[in-house]
Amino acid sequence: MITLNHFNRLSVAEAASLLAPCVAVPGWATALAEGRPWRSREAMLNAAQQLMASWGEVELNQALSAHPRIGEKPAGEQQHAALSRQEQASVNDGDAALARALREGNARYEARFGRVFLIRAKGRSGEDILQALSRRLGNSDSAEVQDALAQLREITLLRLEGAIGE
Ligand SMILES: NC(=O)NC1=NC(=O)NC1=O
């Protein structure tokens, strides 16, 4: 984590690359880098949320390229893989039945919607995630795009809050 003051003083390229692991949607990190200097962290967070408001199915699919399946803690040292592992820490992968249920749920979801199931995992137990997955399997296509986008916005905002301090 760096301070807002430090973030404001980075080059555009450095600032954008610092924010890149928050979400794999082209342009979002660059727009926040180019919007500097932010007069406050709140102003930056508000701008970030405004940028996310226009996201649709295209951006959702772009972002999913960088989000591993729930329960499949990604290998790799890239920053977004480390963030995913940290976010999924409370998904108890020691519970074989839960892990199997998540694998089966993910497969059902992908067969139904044609994309990886996305949920803000931080603060959620594996059981909570399974319940959400089951509920969302009943969504229409359009409702599920909106549900998944809401989760993507939560993940992205949490990552941004973790990257830039006061
Ligand atoms: N498929 C996913 O939901 N992945 C993730 N959720 C998170 O909160 N972090 C992830 O990588």
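For the structure, see preceding data.
Below is a short write-up of the structure. As the structure is a computational prediction, the values presented were derived from the model and not from experiment.

1. Some details on the packing of aromatic side chains
In the structure shown here, the tally under the stated rule is 3 aromatic pairs. Relative to F113, the ring of Y109 has its centre 4.7 Å away and its plane inclined at 45 degrees; by these criteria the two rings are tilted. One end of the pair, Y109, and the other, F113, are both in helix α7 (residues 96–113), 4 residues apart, so they sit about a helical turn from each other. No difference in accessibility class separates Y109 from F113, as the two residues are buried. An angle of 65 degrees between the planes, with centres 5.1 Å apart, marks the rings of Y109 and F117 as edge-to-face. The same class applies to Y109 and to F117, which are both buried. Each residue in the set Y109, F113 and F117 is aromatic and connected to the rest through ring pairs, giving one cluster. Above the ring of F7, the side-chain terminus of R36 is found at 5.6 Å from the ring centroid.

Quick notes on the rules
Residues numbered from 1 in each chain as written. Predicted model: local features only at pLDDT ≥ 70, side-chain atom pairs only at ≥ 80, totals over all residues. Heavy atoms only, no water. Phe/Tyr/Trp six-rings, centres within 6.5 Å; stacked < 30°, edge-to-face > 60°. Helix = DSSP H or I, 4+ residues; strand = E, 2+ residues; numbered from the N terminus. Buried < 20%, exposed > 50% of the residue type's maximum accessible area, 1.4 Å probe, protein only. Lys NZ or Arg CZ within 6 Å of the ring centre and 35° of its normal.

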